[in-house]
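Chain by chain, the residues:
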Amino acid sequence: MRFDIMTLFPALVENVLSESILGRAERAGLIEVHAYNIRDYSKDKHRRVDDTPYGGGKGMLMSPVPIYDCYLDVVSPEKNPSARRRVIYMSPQGSVFTQAKARELAENYDDLIFLCGHYEGVDQRIIDEIVDEELSIGDYVLTGGEIPACIIVDAVARLIPGVLADAECYEKESFTDENLLEYPQYTRPYDFRGRTVPEVLLSGHHANIEKWREEKALEKTRAVRPELYEKKMQELTLLDAQKKKKKTKRENP
Ligand code: SAM
């Protein structure tokens with residue numbers, strides 16, 4: 001999978017994405033990350049990319065022109081023959097990024113093109129012209145879209161087969177089931193400052209371990225994300241009702 005990032009700070013995304021698991025994935029040819037400096041596409045003699053907003057107001061806005069020229073370069077057939085591509089503008093006004101969205105992007109596209117804003121953001125016309133979707137990483141405002149874009153690349157890339165050593169790592173974790181967080185986990189030593197590992201995990205009894213993990217996952221979700229817990233409970237009640245209905249049908253055909 002390919003990630004193309006249009007930014008004023010390419011070194012920022014290159015440094016973040018070349019380390020650790022993603023760096024290894026890129027060296028192994030599982031992902032490609034390309035950062036483009038929008039400033040390289042400015043025709044201004046001082047390489048300016050921003051201007052004051054029409055109608056007044058504080059701050060500077062990124063001009064649509066260098067962004068568009070950068071975009072044309074990114075999607076030029078000789079550089080990038082990908083068919084299934086999606087252009088994403090990182091924005092606090094976008095819909096909030098979730099694990100479900102990460103899965104959707106990993107499964108449906110070969111190339112994600114990110115536009116990272118800075119200053120007061122970008123001219124609306126570039127959004128209207130090239131952007132398929134606006135995504136936010138949360139209801140707060142950052143100085144630029146680079147960190148948000150890196151977050152999305154990370155979340156999507158780890159779902160690509162081969163990027164993580166074991167697919168189970170992402171098949172069973174928080175949000176795999178949309179409304180559930182993961183259970184607590186323990187490793188050696190058995191005793192850490194008087195806190196010991198729950199006995200059930202040492203029992204070797206897989207069914208009991210599974211049951212304990214389900215309970216703990218629900219407990220954790222209820223404690224820290226009560227709104228998810230509510231949804232999960234509704235889901236379980238519905239499932240239970242469906243099971244009962246099926247059983248009654250079987251018994252009284
Ligand atoms: N004036 C904009 C507004 O009020 O919606 C905020 C612009 S922000 C200071 C500059 C850039 O940072 C945005 O263009 C966007 O690319 C990025 N950014 C800031 N917060 C973000 C968030 N929560 N999610 C994604 N991108 C964000």
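Residues numbered from 1 in each chain as written. Predicted model: local features only at pLDDT ≥ 70, side-chain atom pairs only at ≥ 80, totals over all residues. Heavy atoms only, no water.

**Focus on the domain arrangement of the chain**
Under the domain assignment, the chain is made up of domain 1 (2-157) and domain 2 (191-251). One C-alpha centre belongs to domain 1, the other to domain 2, and the line joining them spans 39 Å. (Domains from an automatic or database assignment.)

**A word on the packing of helix α8 (residues 206-224) against helix α9 (residues 226-251)**
Close contact between α8 and α9 brings their axes to 5 Å; oriented N to C, the two are set at 130°. Between α8 and α9, the interaxial angle falls into the category oblique. From α8, Leu218, Thr221, Arg222, Ala223 and Val224 reach across to α9, where they touch Pro226, Leu228, Tyr229, Lys232 and Met233. For the contact of α8 with α9, the per-class residue count stands at seven nonpolar, one polar and two charged. (Axes fitted to C-alpha atoms, helices over the stretch in contact; angles between N-to-C directions. Helix = DSSP H or I, 4+ residues; strand = E, 2+ residues; numbered from the N terminus. Parallel < 35°, antiparallel > 145°, perpendicular 65-115°, else oblique. Contact = heavy atoms within 4.5 Å. Nonpolar A, V, L, I, M, F, W, Y, C, P; charged D, E, K, R; others polar.)

**Quick notes on the sheet that holds strand β6 (residues 111-116)**
Two modes of strand pairing occur in sheets, parallel and antiparallel, and in both the strands are linked by backbone hydrogen bonds. Read from one edge of the open sheet, five strands run β2-β1-β6-β5-β7, paired in parallel fashion. Looking at strand neighbours, the two that pair on one side only are β2 (32-37) and β7 (133-136), the edges of this open sheet. Averaged over all pairs of adjacent strands, the angle between strand axes in this sheet comes to 30°, irrespective of strand direction. Bridge count for strand β5 (residues 85-96) against β6 is six bridges, and the pairing is parallel. Residue pairing across strands places Arg86 opposite Leu112, the latter belonging to β6. (Pairing = 2+ DSSP bridges.)

**Looking at the site of the ligand**
For the ligand, the set of nearby residues contains 21 residues, the closest of which are Tyr89, Met90, Gln93, Gly117 and Tyr140. The contact in question runs from an oxygen atom of the ligand to an N or O atom on the side chain of Gln93, over 2.7 Å. In this structure, Tyr140 approaches the ligand through a main-chain N or O atom, which is 2.8 Å from a nitrogen atom. At the level of secondary structure, the elements contributing two or more residues to the shell around the ligand comprise β5 and β7. Broken down by element, the residue count for the shell around the ligand peaks at five residues, all from β5. Its residues placed into classes, the shell around the ligand shows ten nonpolar, ten polar and one charged. (Near = heavy atom within 4 Å. Polar contact = N/O pair within 3.5 Å; in protein donor to acceptor, adjacent residues only side chain to side chain.)

**Focus on helix α6 (residues 146-157)**
The end-to-end C-alpha distance of α6, which contains twelve residues, comes to 16 Å, matching closely the 16 Å that a straight helix rising 1.5 Å per residue would cover. Counting buried positions along α6 yields nine of twelve residues, so the element is predominantly enclosed. Where α6 is concerned, the buried positions are Glu146, Pro148, Ala149, Cys150, Ile152, Val153, Ala155, Val156 and Ala157. (Expected span 1.5 Å × (residues − 1). Buried < 20%, exposed > 50% of the residue type's maximum accessible area, 1.4 Å probe, protein only.)

**Brief notes about the pattern of salt bridges**
Going through the model one piece at a time under the given rule, you end up with 21 salt bridges. Its salt-bridge partner being Asp69, residue Lys43 comes within 2.7 Å of it at the nearest N-O pair. Pair noted here: Lys43 is in the loop between β2 and β3 (50-51) and Asp69 is in helix α3 (residues 64-74), with a separation of 26 residues, a long-range link. Residue class for Asp69 comes out partly exposed when judged on its relative accessible area of 22%. For Lys244, the salt bridge identified is with Asp240, shortest N-O distance 3.5 Å. Placement of both Lys244 and Asp240 in helix α9 is noted, with a separation of four residues, approximately one turn of the helix. Taking the relative accessible area as the measure of exposure, Lys244 reaches 54% and is therefore exposed. We classify Asp240 as partly exposed; its relative accessible area is 39%. Beyond isolated ion pairs, a larger network of salt bridges with shared partners links Arg86, Lys101, Glu104 and Glu133. (Salt bridge = Lys/Arg side-chain N within 4 Å of Asp/Glu carboxyl O.)

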